[in-house]
Every structure is written in C-alpha cells, then in structure tokens.
Amino acid sequence: MSDIIQLLPDHVANQIAAGEVVQRPASVVKELLENAIDAGATHIKLLVKDAGKTLIQVIDDGKGMSTTDARMCFERHATSKIKKAEDLFNLHTKGFRGEALASIAAIAHVELKTKPIAEELGTCIKIEGSKVISQEFISTGEGTSLAIKNLFYNIPARRNFLKSDTVETRHIIDEFQRVALAHPDISFLLHHNNNEVYHLKKGNFRQRIVAIFGSKMNEKLVPIQENTDIVSIEGFVAKPEFSKRKRGEQFFFVNNRFIKSSYLNHAVVSAFDGLLEQGAHPSYFLYLTVPANTIDINIHPTKTEIKFDNEKALYAMLRATVKHSLGQYNVAPVLDFNRDANLDTPYHFKSNATTATVPKISVDPDFNPFKEEQQKENSFSFKREKQTQSWESLYTATDAIDLKPSETLFEHQQEEKTQKTFQIQRKYVMSLIKSGVVLINQSLAHQRVLYEQFLESITVKEANSQQLLFPVKISFSSAEIEMIYTIKTELENAGFSFDKFTKDSVTIKGIPVSVTESKITIILEELLNDINLEVPDASFSHFDIMAKSFAKTLSIKTGTLLSEKEQESLVNNLFSCKEPTISPFGKATFKTLTLNQIDNLFNS
Ligand code: ADP
Ligand code: MG
C-alpha cells in the first residue's frame, strides 16, 4: 500500500487552529488587548466597525516589534513570552501560546504597523489568509497597531454563523470591560462605528468601576481588603440592597486576569447569607492576587477557568473577608425595610452607618453582626405582627369561622370545617393547637420534609423516577462532569437516569418525580457546589449532602403563597417527620406560643 499520510500545509493548520482561538469578533478583541497589555502599553485604543465584522483595530503605545519580530509574530507557536516548559508554571503575562496572531491572520485581512522605541522607522506588514501581501518600512509612532478586517472572509460558514450586531457588540463590550476592569492603571478608549463608547482614564479600581458602570455605582460599593500569605484580596462588593435579579456585575480577577469560578462565587454569595432576597444576586468586583506558581491557567482553552492549589483555603478566606466587610460597613440594618426606626435598639456599630469610604475601622474580628441582627429582626418582626395585625387576623379568623355553614350541630364536624392554618406574610404558617398556636417557617419546614423523603428514597427504597419525553443535554465543565460521574450511582438511586456522558455535557433521560424538568440544571449545579464545599469534612456522605442539597433547592421559598390545603399538608408532613423540630441545616422549623405566653403579652 502506498503512503497516504501528509502534513497539513501551514495555512490549513492555522485555519483549523483559528477555530479554537477565534469564535467570534470578541475573541479577537480579547487577544489583541491582552497582547497590548503584555507589551507594556499605558494607552490602548480599540476601534470597532460593524460589531467587529468589518474592523477590529487595537492601537497601543507598548514596546513595539522589530522588523523580524513583526514578521515572526504571525508564525504558529511564535511567542516571546515563554522559552521552556517550566515557564508555564510561573506566568506573568496574558499570552504564552503564540497562536493568536497566526490564527487571526489565517482568517482575516490583517495590517500590522509597529515600531520599537529605539528605532527610526517602523514596519508595516499586510497579510491575507496567512499570506504576506506586502512588507515595508514606514514612519510611525512608537508602539503597535493591528487592524483586523473582514473576519472569517474565507470561512463563509463561520461568518454566517455570527449573531446579530447587537449580540456581537455585547460580547465585545464584555471582553473590553473585563480587560479594562483588570487594568485600571492603563487608559482605554473604545470606539464603535466612530462613536465613543468608553474613554477610561487611568485611575484606581474604584474609579475604573465607576467609569464603566456609572457614577451611581460609587455609593453601592463596600470595599474589601485582606492580605495573607496565600492570597491578597481587594475590591468591592455591592451592598445587598443593590443586588440584581439577573447575574450581572460579577467579576473575579486573579492576577489581573478575568476568571469565572462558580466555587469562588459560592463563597461570596454565602457571605451574603440572610442579606439577600430570594433569587437576588450580589454584584462584586474582586481582585485576587496569588503567587503565580500556585495556579494553573492552562486547563481551559479560552482561559477563563483556572485551577488553584489552595482552593479550599481561598474559599474560606474569601467568604470570611466579604462577610467581615459587610458587617464592618454596617450593611445589615439598611436591609431591614420593615423595621420601625424609632423602636430600633442602637447597635454599637451604628456610628459607621454612612462611612462606606472610610478605609479602615478597627473592629472585633469575631463580631458577627448577622447573628445578632437576625435574632433581633426575628423577635421584632414577630412583635410587630402581633401589634399591628392582631385585630386583622382576629377579624379574618372570625370571618373564616363565621362564613362556615352553621347547619351542623355536631361539635367535631364543625371543627373539621374550621380553618386551622393561616399564612403570615407568605413566610410562616400559623397553626392552631390545643395549648395555643404553632408558627412554622414554611421554607425550613419544607426542607425538613423533602430532606427526609430524599434520604429515604436514596438509601432505603427504590426511588420513583420519571422518564423524560425528550432527554435533556446539559453542559458542564469537564471537572463538573467528572464529579457527576463519580456520584452517578447515588444520583441514580435518587431517581436520575443518564443517557450519555461527554467531556463537557451529560444527557439525562429520567429524573426524580419530585423534580421538574426546568429545575434539573439548577439542582445539579447546586449539588456540585454543595459537594465541593463539604469535601473538607472527613465524615462526608454523598447521600446526606445530596438529600440536603435537593431539599434546599426544591423547597418552597419565603414569598410563596400557599393554599389552605398546601398549608395543611405542610403541617401534617412536617409533624410526621422523624425530626420535625429542625431543618436539615440545623435551624428551628417552628416555634410554639402557648396561651399563657399570649396572655402575658397583654399583661405586660
Ligand atoms: P502570545 O501572546 O501567546 O505570545 P500572540 O500570537 O498573541 O502569542 O503574539 C505573538 C507575539 O507577538 C507575542 O509573543 C509578542 O512578542 C508579539 N506581539 C503581539 N502583539 C504585540 C503588541 N501589541 N506589541 C508588541 N508585541 C506584540
Ligand atoms: Mg497573545
């Protein structure tokens, strides 16, 4: 048989590589901005036309390139940033693969103008689809200008695949914002179709955030600062009352690189525990600096995910720091909309109420404002309930009883028809008992009920599974897929059935009966988060974490209106639990109030 294997010509190889590096115009923007930063630029201009489809140009005042380098930079694996494999573990630059420019040049019309500081003349090179069209000396300023025109001109399929200008522009702005937020010491300019979108002057982190998100942002920011051996954390979280319905302004930067991390996100969100309304997302801008040799940024091709050596310590530190700052800046009381200021007990940290800009206040590190706050709030709002609503609830109660047909003379039948439960503020269910009333926290009670149900179905009996009409494919990171795979059996016990695992997705064909299809993604995401968090605990059992996690995600929440039937079934289910008094996370599910206690309220 004759030989059939050939090496791909360079321009074909580059085009293939381009598919990975350049998904859309925003990918080019990211690569060019990062190159300018690596070149030490202090002023960077980004000019875009037609959402980057016609032109993306980055002009910097960095160190420029020699004529030879200007030619070399378009070769594949041509980089000035690493020389040997070990350098990979101590990176201080954004780039290192040496493939961005080669890839971009394979799928666009490129014009490079560059001049290093010491030279008289600069170089201009034009390339189309990896072919050098012209090269000449020019007189130009110091630094580099790279213009990318007609992206994907030679790959119509990719060009047609691009989204609307609005969507592609949004992606470009996202990339621009991430880079600009990470480098407030560099001035940035963004023009789209000759309109100035951003003109960001050199400044500090706060100024940069405000310049990008508007001056209203300034009053929302609570500063964060912590220095330890393994990490230094600085930046801001937005006060909880400015949290968003949609995840929006959430930024992590590690060593000045924007990253995504659901793990660290969880740390921040959990520091807001008890401060956010249901479904609200806190905004944050957090800059972490860690020793370069303790991270591996190589694990994800687009480099927004990284791997830390000290992930768990980082989690704990981040959570504690954010929590501490929220307390320090007295954010908690502002949240309490229902509180009547006249009745408020002064807190000893109250004097700091409006000092969001004061950089340092010494406080007791063990002081936990939320605990105290929470308790006060609970007891207080309970009192209020009684003060202002007593006649109302009395009225409704009588009403309810009066409206019942009184045709029956039999005591027990009468009792059966009487309303026995009431919902208070879509948060508590009040139920009448012999000795008085019991007040049930609907969400925590439901957690208990679901927790015991799940625990039983996972460990004792075969779970009830429902087959999906159409299997659902869900994307995850490869690390998450690996995690799901390791708990596959437990998940199957709980009622999940899986069709197919790939590197970054899982196809699900059956789910537990208590789960609705729309909840699959969230329930799995939450579970992965919870497992991640529990791992440090040696006594950790997948079953327990899973049951807790599902119970938490699927439980009815505060704010949910319950019909009388639902209230009753919640009460009945709760009291048929093995441990009805506490939620799976150790909080009280209900409190009783005896007639005596009620009497005392009127006697005091
Ligand atoms: P990488 O950034 O991974 O090294 P690139 O393909 O993005 O790979 O760039 C190749 C090389 O071209 C860089 O290593 C750098 O030496 C040079 N280069 C690219 N852009 C610039 C720029 N704006 N200013 C100076 N040098 C640049
Ligand atoms: Mg680069």
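Look above for the structure.
Cut-offs used in this document
- Within any chain, residue numbers begin from 1 and follow the written order of that chain's sequence.
- Here every chain gets a letter starting at A, and every ligand a number starting at 1, in the order they are written.
- Per-residue local features of the predicted model are confined to residues with pLDDT of at least 70, and side-chain atom pairs are confined, for both listing and counting, to 80 or more; whole-chain, interface and lining totals are unaffected and use all residues.
- Side-chain measures were taken over the full set of non-hydrogen atoms in the model, leaving aside hydrogen atoms and water.
- What counts as a helix is a DSSP run of H or I of at least four residues, what counts as a strand is a run of E of at least two, and both are numbered from the N terminus.
- Type-normalised accessible area, obtained with a 1.4 Å probe on protein chains alone, sets the label of each residue: buried when under 20%, exposed when over 50%, and partly exposed for intermediate values.
- The contact rule is simple, with two residues in contact once any of their heavy atoms fall within 4.5 Å.
- The Shrake-Rupley method, run with a 1.4 Å probe, gives the accessible areas here. Residue values count only the displayed protein chains as cover.
- Should a side-chain nitrogen of Lys or Arg be within 4 Å of a carboxyl oxygen of Asp or Glu, the pair is scored as a salt bridge.
- Axis definition: a line fitted to C-alpha atoms, over the contacting stretch in the case of helices. Angles run 0 to 180 degrees between N-to-C directions.
- Any angle from 65 to 115 degrees is called roughly perpendicular, while one under 35 is roughly parallel, one over 145 is roughly antiparallel, and all others are oblique.
- Crossing handedness is defined as follows: a turn of the near helix away from the far one that is anticlockwise and smaller than a right angle gives a left-handed crossing, while the clockwise case is right-handed.
- Only Asp, Glu, Lys and Arg are considered charged in this grouping, and only Ala, Val, Leu, Ile, Met, Phe, Trp, Tyr, Cys and Pro are considered nonpolar; every other residue, Gly among them, is considered polar.
- Strands were regarded as paired on the criterion that DSSP finds at least two bridges between them.
- Neighbouring residues are identified by heavy atoms, a residue being near a molecule or strand if any of them is within 4 Å of it.
- The patches reported here contain residues having more than 30% relative accessible area and no salt bridge. Joining distances are 9 Å for like charges and 5 Å for nonpolar side chains (Val, Leu, Ile, Met, Phe, Trp, Tyr).
- Multiplying one less than the number of residues by 1.5 Å gives the expected span of a helix.
- Here a polar contact means two N or O atoms within 3.5 Å. Within protein one must be a hydrogen donor candidate and the other an acceptor candidate, and residues neighboring in sequence count only if both atoms are side-chain atoms.
- By convention, a stacked pair of Phe, Tyr or Trp rings (six-membered ring in the case of Trp) has centres within 6.5 Å and planes under 30 degrees apart, an edge-to-face pair has planes over 60 apart, and any other such pair is tilted.

Peer 1: Which residues make up the overall build of the protein, and what values do they have?
Peer 2: Counting secondary structure elements, the protein contains 19 helices and 22 strands. Looking at the 604 residues of the protein, the share that counts as buried comes to 45%. Summarising the internal contacts of the protein: among those between residues at least 6 apart in sequence, 68% fall at separations of at least 24. Counting only carbon and sulfur atoms, one obtains 52% of the accessible surface of the protein, whose full area is about 32600 Å².

Peer 1: Which residues make up the pattern of salt bridges, and what values do they have?
Peer 2: Close approach of charged atoms allows side chains of opposite charge to pair. Taken as a whole and judged by the stated rule, the model has 13 salt bridges. Across the salt bridge formed by E168 and R24, the nearest N and O atoms sit 2.9 Å from each other. Taken together, the positions of E168 in helix 6 (residues 165-182) and R24 in the loop between helix 1 (10-21) and helix 2 (25-38) put the pair 144 residues apart, joining distant regions of the chain. On the basis of relative accessible area, E168 is assigned to the buried category, the value being 0%. A relative accessible area of 22% places R24 in the partly exposed class. Measuring nitrogen to oxygen at the nearest pair gives 3.6 Å for the salt bridge that ties E34 to K30. Pair noted here: E34 and K30 are both in helix 2, with a separation of four residues, about one helical turn. No difference in accessibility class separates E34 from K30, as the two residues are buried. Here the salt bridges share partners, and the residues they tie into one network are E111, K113 and K126.

Peer 1: Describe the packing of helix 13 (residues 442-459) against helix 18 (residues 564-575), listing the residues and the values that go with them.
Peer 2: Helix 18 packs onto helix 13 with a crossing angle of 50° between their chain directions and a minimal axis gap of 9 Å. Classified by the interaxial angle, the pair formed by helix 13 and helix 18 is oblique. Here helix 13 runs over helix 18; the crossing is left-handed. On helix 18, the residues that touch Q442, A445, H446, R448 and V449 of helix 13 are L570, N573 and L574. Among the residues forming the contact of helix 13 with helix 18, the class breakdown is four nonpolar, three polar and one charged.

Peer 1: So, the sheet that holds strand 11 (residues 250-254): which residues are in play, and what are the values?
Peer 2: Taken together, five strands build an open sheet; the order of strands is 9-10-13-11-12 and the sheet is mixed. Two strands in the sheet have a free side with no partner beyond their single neighbour: strand 9 (221-227) and strand 12 (257-259). Adjacent strand axes in the sheet meet at a mean angle of 20° when their direction is disregarded. As paired elements, strand 10 (residues 232-238) and strand 13 (residues 284-289) share six bridges and run antiparallel to each other. Within the sheet, the bridge partner assigned to E234 lies in strand 13 and is Y287. On the sheet, helix 9 (residues 311-328) packs against strand 9, strand 10, strand 11 and strand 13 and is oriented at approximately 135° with respect to strand 9.

Peer 1: How would you summarise the site of ligand 1 if you had to cite specific residues and measurements?
Peer 2: By nearness alone, 19 residues border ligand 1, and N35, T79, S80, K81 and G98 come closest of all. Surface burial for ligand 1 is 92%, taken as the share of its 530 Å² of free accessible area covered by protein chains. The set of elements that each furnish at least two residues to the shell around ligand 1 consists of helix 2 and helix 4 (100-106).

Peer 1: If you had to explain unusual backbone geometry to someone new, which residues and values would you point to?
Peer 2: Positive phi values are uncommon outside glycine, yet F152 reaches one of about 65°. Within the secondary structure layout, F152 lies in the loop between strand 6 (143-149) and helix 5 (156-161). Notably, Q425 is not glycine yet its phi reads approximately 50°, a positive angle. Tracing the backbone shows Q425 in the loop between strand 16 (421-424) and strand 17 (428-433).

Peer 1: Explain a nonpolar patch on the surface residue by residue, including any values.
Peer 2: A surface patch of nonpolar side chains, about 480 Å² in accessible area, is lined by M1, I4 and I5. Examined against the element boundaries, I5 turns out to sit in the segment before helix 1.

Peer 1: With reference to specific residues and values, describe helix 13.
Peer 2: If you check helix 13, its first and last C-alpha atoms are 26 Å apart, about what 18 residues at 1.5 Å a residue would give, namely 26 Å. With 14 of its 18 residues buried, helix 13 lies for the most part within the structure. Taking the backbone nitrogen of S443 as reference, a side-chain oxygen 3.1 Å away marks N441 as the first, capping residue of helix 13.

Peer 1: Give a description of the pairing of strand 3 (residues 109-115) that names residues and reports values.
Peer 2: Most of strand 3 sits out of view: six of its seven residues are buried. Where strand 3 meets strand 4 (residues 122-128), six bridges bridge the pair, whose relative direction is antiparallel. Of the residues in strand 4, the one forming a bridge with H109 is E128. Following strand 3, the chain reverses through six residues before pairing antiparallel with strand 4.

Peer 1: Can you tell me about the packing of aromatic side chains, naming the residues and giving the values?
Peer 2: The tally for this structure, following the rule as stated, stands at 18 aromatic pairs. Look at F213 and F251: their rings are 5.9 Å apart centre to centre, the planes differ by 50°, and that puts the pair in the tilted class. In this pair, F213 sits in helix 7 (residues 205-213) while F251 sits in strand 11, placing the two residues 38 residues apart along the sequence. Taken together, a centroid distance of 6.0 Å and an interplanar angle of 65° make the contact between F253 and F258 edge-to-face.

Peer 1: Describe the packing of helix 2 against helix 6, with residues and values.
Peer 2: Here helix 2 crosses helix 6 at 20°, and the two axes come no closer than 8 Å. One element, helix 2, and the other, helix 6, form an angle in the roughly parallel class. In the packing of helix 2 onto helix 6, the handedness of the crossing is right-handed. Between helix 2 and helix 6, the residues in contact are P25, A26, V29, K30, L33 and I37 and E168, H171, I172, E175, F176 and V179, respectively. Residue classes in the contact of helix 2 with helix 6 are distributed as eight nonpolar, one polar and three charged.

Peer 1: Please set out the side chain of E452 residue by residue, giving values where relevant.
Peer 2: Mapped onto the elements of the fold, E452 is located in helix 13. For E452, the contacting residues outside a window of four places in its chain are C577, K578 and E579.

Peer 1: Break down the environment of Q425 for me, with residues and values.
Peer 2: Since its relative accessible area comes to 55%, Q425 is described here as exposed. The sequence separation of Q425 and T560 amounts to 135 residues, and the corresponding C-alpha distance is 9.2 Å.

Peer 1: Got a sec to walk through the sheet that holds strand 17? Specific residues and values, please.
Peer 2: Reading across the sheet, the four strands line up as 16-17-18-22 and stay open at both edges, with antiparallel pairing between neighbours. This sheet does not close on itself; its edge strands, each paired only once, are strand 16 and strand 22 (590-594). Between one strand axis and the next, the sheet turns through 25° on average, direction left out of account. Bridge analysis of strand 18 (residues 436-441) against strand 22 gives five bridges, and the strand direction is antiparallel. Note that in strand 22 the partner of L439 across the bridge is K591.

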